[in-house]
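Next come the chains, spelled out residue by residue.
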Amino acid sequence: MPFKIATWNINSVRLRMPLVQRFLEEYQPDVLCLQETKCPDDQFPSAAFRKLGYNYIQIHGQKGYHGVATVSRRPLSVVEKRTFCGIGDCRHLSTEMEVGGRRVLIHNFYVPAGGDEPDPEINPKFRHKLDFLKEMRGIRPDQTADTATVLVGDLNIAPLETDVWSHRQLLNVVSHTPVETEGLENLRSNGGWIDLMRRYIPPEEKLFTWWSYRARDWSLSDRGRRLDHIWSSADLAPFLTRVEVLRAARGWERPSDHVPVIAEFG
């Protein structure tokens, strides 16, 4: 089932549409899942995507904050736009399509960042993040025989020691605290999800998808984190042929602080 999917926290789709266009023209994924689109549905740049051949567009957006979108060159329909924690944030979009005679269900997530203080008693943003992760346990691979499931997005957690530039120095920093990393790994393993990035790239290797804007020279300091993820149901994992983290995109003009991640199946 030849199929290519990409995920990218774009940090404002309208502002960075030239970068999206460059990416789609050069890498041509079948599906692109975007997070932090920061765009209400009626202002999403749909015409620009259609001009590039991505005629199937599903959106769950809001003005100025959050937002997710999934665009495709193949027919794509909405399954669900789930609300988490009783808050109206647009952080999830579930879509489905057919690939090689099989239904592929795609969950596109933007998990809350969690603020700066890793204490839920004094930081409501961190409490929100932990509560969001608990509710995510309800998202599991579809068990139907003819359905494969993919979960992608900015999960805002770097779970492994090699997913951050310094495990020791980031243990008390939001995105790599034990309560987050253990929570995400329990969610993944108990849910039956396969971490495709680490299936293809050995866990012993450093792997980052995000570099802070605060760094004077992000590439030289290389203080990155792997906050963006691609998971799949176990039945899809054997078809994985390639994973690519497009590090070069962090150096493009006016970039997002995240870079695209691509998974290919064949």
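What counts as what
- Residues numbered from 1 in each chain as written.
- Predicted model: local features only at pLDDT ≥ 70, side-chain atom pairs only at ≥ 80, totals over all residues.
- Heavy atoms only, no water.
- Pairing = 2+ DSSP bridges.
- Helix = DSSP H or I, 4+ residues; strand = E, 2+ residues; numbered from the N terminus.
- Axes fitted to C-alpha atoms, helices over the stretch in contact; angles between N-to-C directions.
- Contact = heavy atoms within 4.5 Å.
- Parallel < 35°, antiparallel > 145°, perpendicular 65-115°, else oblique.
- Left-handed = near helix turned anticlockwise from the far one by under 90°.
- Buried < 20%, exposed > 50% of the residue type's maximum accessible area, 1.4 Å probe, protein only.

Student: Sorry, what's going on with the sheet that holds strand β13 (residues 240-245) here?
Tutor: The strands that make up a sheet are held in pairs by hydrogen bonds between backbone atoms, and each pair lies either parallel or antiparallel. Taken together, 6 strands build an open sheet; the order of strands is β3-β4-β2-β1-β14-β13 and the sheet is mixed. In the strand order of this sheet, the two ends are held by β3 (56-60) and β13, each with one partner. Each adjacent strand pair in this sheet contributes to an overall mean axis angle of 10°, direction not counted. In the packing of helix α1 (residues 17-27) onto the sheet, the strands contacted are β1 (3-9), β2 (31-35), β13 and β14 (261-265), and the crossing angle to β1 comes to about 160°.

Student: Would you take a moment to explain the packing of helix α3 (residues 124-136) against helix α5 (residues 178-191) for this structure?
Tutor: For any two helices packed against each other, the geometry comes down to the angle between their axes and how far apart the axes lie. Contact geometry for α3 and α5: axes closest at 10 Å, N-to-C directions at 15°. When the axis of α3 is compared with that of α5, the two are roughly parallel. Crossing angle aside, the handedness with which α3 passes α5 is left-handed. Contacts between α3 and α5 pair Phe126, Lys129, Leu130, Leu133 and Met136 from the former with Val179, Glu180, Leu184 and Leu187 from the latter.

Student: Got a minute to help me understand the environment of His258 in this structure?
Tutor: Take His258: it is sitting in the loop between β13 and β14. Residue His258 is classed as buried on the basis of its relative accessible area, which comes to 4%. Separated by 244 residues in sequence, His258 and Arg14 have C-alpha atoms that sit 16 Å apart. Ignoring anything within four residues of it in the chain, the contact list for His258 reads Trp8, Asn9, Asp154, Thr209, Trp210, Leu227 and Asp228.

Student: So what exactly am I meant to see when it comes to the environment of Gly67 here?
Tutor: Looking at the element boundaries, Gly67 is found in the loop between β3 and β4 (68-72). When the C-alpha atoms of Gly67 and Val174 are compared, they prove to be 21 Å apart, with 107 residues separating the residues in sequence. In this structure, Gly67 is in contact with Leu34, Gln35, Glu36, Thr37, His60, Gly61 and Cys90, ignoring residues within four places of it in sequence.

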